[in-house]
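# Structural features, examined
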Amino acid sequence: MKKIALLILFTLLCVSHVVYAQTIQENEQMIVSWFEDIKETQSDSAKIQLNKKIEQLLYTTLQEPNAFNYSFPALKYIGSVYAPDKLMRVFSWNYPLSNGKYGYSALFMFKNKQKSTPSLHLVSTTTAFKPEETRKYDPSTWYGALYYNVIAHKISRDKTEYLLLGISNYQPITKVKIIESIKISNRQLTFGTPLFKKDKKTLYRAVFEYKKEVNMLLEYESSKKRFVFDHLSPSDPIYKDVYHFYGPDFSYDSYQWKKKKLHYTPDIDVRNK
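Residues numbered from 1 in each chain as written. Predicted model: local features only at pLDDT ≥ 70, side-chain atom pairs only at ≥ 80, totals over all residues. Heavy atoms only, no water.

For helix α2 (residues 44-61), built from 18 residues, the straight-helix expectation of 26 Å at 1.5 Å per residue is met to within 8% by its first-to-last C-alpha distance of 25 Å. Of the residues making up α2, those classed as buried are Lys 47, Leu 50, Asn 51, Ile 54, Glu 55, Leu 57, Leu 58 and Thr 61. (Helix = DSSP H or I, 4+ residues; strand = E, 2+ residues; numbered from the N terminus. Expected span 1.5 Å × (residues − 1). Buried < 20%, exposed > 50% of the residue type's maximum accessible area, 1.4 Å probe, protein only.)

Encoded structure:
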């Protein structure tokens with residue numbers, strides 16, 4: 001009887017896993033179809049409504065068991081990155097609007113432990129903007145970005161700082177890259193923590209704006225515990241602070257971890273020694 005009971009339990013678990021997988025895959029295909037509808041429609045209001053349906057269905061889908069580890073191979077319009085400790089996952093995407101700008105959405109999944117149920121946090125905006133370096137944002141005031149890397153920095157035995165690398169086309173003529181610090185407290189998500197030290201100032205994030213047609217290096221060197229990025233400067237000094245004339249000038253700067261803060265260091269040597 002014990003063997004039969006174990007066999008029944010195993011069978012039920014297998015069936016349950018298949019049902020969950022089918023649910024996720026079916027929802028994934030529905031989301032794909034809505035993205036195709038967004039591409040076809042010219043109406044901004046219709047695009048925004050379709051995106052709300054995408055947000056709601058993806059949020060529901062991510063509550064399914066095993067969704068945290070599911071790859072979502074068909075969602076080519078949604079980016080997904082994990083933190084190195086596999087306790088956080090970020091989904092982010094955008095869609096074009098008629099004024100040359102974009103709407104942005106992101107879903108954050110956090111786990112306290114590997115086997116715990118993740119908490120979900122949805123953020124969305126149809127009016128993306130360049131975030132300030134000196135203030136915090138919450139989900140209702142999020143600025144809009146696509147996140148392409150997550151960095152986990154252990155600062156004590158039971159505390160880890162998470163930072164994101166992001167990019168945004170908040171306006172048609174420039175791009176913005178961001179080093180964002182985030183915090184989860186009482187299941188509330190906050191964008192921006194006072195980690196950055198530059199020119200005797202404390203900042204909540206690092207923001208870089210430059211000409212849309214050029215590319216900017218912004219990456220994390222884990223071996224040296226630092227963020228490395230192109231130094232941006234105007235094509236002519238008369239264009240100071242006119243960012244659609246800014247681009248890399250073949251020098252590099254960094255934010256380096258020192259005493260639990262990220263300290264700005266200009267003109268670093270990035271050659272492979």
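What follows covers the nonpolar core. In terms of nonpolar packing, the biggest core is built from 26 residues, with Met 88, Phe 108, Tyr 147, Ile 182 and Phe 191 touching the most fellow members. Broken down by element, the residue count for this core peaks at 4 residues, all from strand β3 (residues 102-110). Every residue in contact with Met 88, bar those within four places of it in the chain, is listed here: Phe 68, Val 81, Tyr 82, Ala 83, Met 109, Phe 110, Val 150, Tyr 162, Leu 164 and Ile 182. Listed in part, the 24 residues of the second largest apolar core include Ile 31, Trp 34, Leu 50 and Tyr 70. (Core = buried A, V, L, I, M, F, W, Y, C linked by side-chain atoms within 4.5 Å. Contact = heavy atoms within 4.5 Å.)

Reading across from one edge, β10-β9-β15-β14-β13-β12 is the order of the 6 strands in this open sheet, with mixed pairing throughout. Sheet topology places β10 (201-203) and β12 (218-221) at the edges, where each strand pairs with a single neighbour. Neighbour-to-neighbour, the strand axes of the sheet open up by a mean angle of 30 degrees, direction not taken into account. Bridging between β12 and strand β13 (residues 226-234) involves 4 bridges; their strand directions are antiparallel. For Glu 221, the partnering residue across the bridge sits in β13 and is Arg 226. (Pairing = 2+ DSSP bridges. Axes fitted to C-alpha atoms, helices over the stretch in contact; angles between N-to-C directions.)

Next up on the list: the confidence of the model for the chain. For the chain, the average pLDDT comes to 90, and 91% of its residues sit at 70 or higher. Mean pLDDT in the chain bottoms out at helix α1 (residues 2-40), which sits at 67, and peaks at strand β11 (residues 205-211), which reaches 98. Predicted confidence for residues 2-20 stays below pLDDT 50, and this span has 3 contacts to residues more than four positions away or in other chains. (pLDDT = per-residue confidence, 0-100.)

This brings us to the sheet that holds strand β2 (residues 88-96). Strand order in the open sheet formed by 4 strands is β1-β2-β3-β4, with antiparallel pairing between adjacent strands. In this open sheet, the two strands that pair with only one neighbour each are β1 (79-82) and β4 (119-125). Each strand of the sheet is rotated relative to its neighbour by a mean of 15 degrees, with strand direction disregarded. Relative to β3, β2 is paired through 9 bridges, and the arrangement is antiparallel. The partner of Met 88 across the bridge, within β3, is Phe 110. The strands touched by α2 are β2, β3 and β4; relative to β2, the strand with the most contacts, the crossing angle is about 165 degrees.

Moving on, we come to the side chain of His 153. With respect to the helices and strands, His 153 occurs in strand β5 (residues 146-156). The residues contacting His 153, other than those within four sequence positions of it, are Lys 159, Thr 160, Glu 161, Tyr 220, Lys 225 and Trp 257.

For the rest of this paragraph, the subject is the pattern of salt bridges. What the rule picks out here adds up to 5 salt bridges. In this structure, Arg 205 and Glu 180 form a salt bridge, with 2.8 Å as the shortest nitrogen-oxygen distance. Highlighted residues: Arg 205 in strand β11 and Glu 180 in strand β7 (residues 174-185), separated in sequence by 25 residues. With a relative accessible area of 0%, Glu 180 lands in the buried category. A salt bridge links Lys 240 to Asp 241, with the shortest nitrogen-to-oxygen separation between them at 3.5 Å. Given the relative accessible area of 57%, Lys 240 is considered exposed. Judged by its relative accessible area of 45%, Asp 241 is partly exposed. (Salt bridge = Lys/Arg side-chain N within 4 Å of Asp/Glu carboxyl O.)

On the secondary structure map, Gly 166 appears in strand β6 (residues 159-171). Overall, Gly 166 belongs to the buried group, its relative accessible area being 0%. Along the backbone, Gly 166 and Leu 146 are 20 residues apart, and their C-alpha atoms lie at a distance of 5.3 Å. Look past the residues within four positions of Gly 166 in its chain and what remains in contact with it is Leu 146, Tyr 147, Tyr 148, Val 176, Lys 177 and Ile 178.

Attention shifts here to unusual backbone geometry. Unlike most non-glycine residues, Lys 86 shows phi in positive territory, near 60 degrees. Within the secondary structure layout, Lys 86 lies in the loop between β1 and β2. Although it is not a glycine, Lys 260 adopts a positive phi angle of roughly 70 degrees. Residue position: Lys 260 is located in the loop between β14 (246-258) and β15 (261-265).

With that out of the way, let us pick up the environment of Thr 61. Its place among the elements puts Thr 61 in helix α2. Here Thr 61 is in contact with Ile 24, Asn 27, Ala 67 and Phe 72, once residues within four sequence places are set aside. Polar contacts involving the side chain of Thr 61 include one to the main-chain carbonyl oxygen of Leu 57, which spans 2.7 Å. (Polar contact = N/O pair within 3.5 Å; in protein donor to acceptor, adjacent residues only side chain to side chain.)

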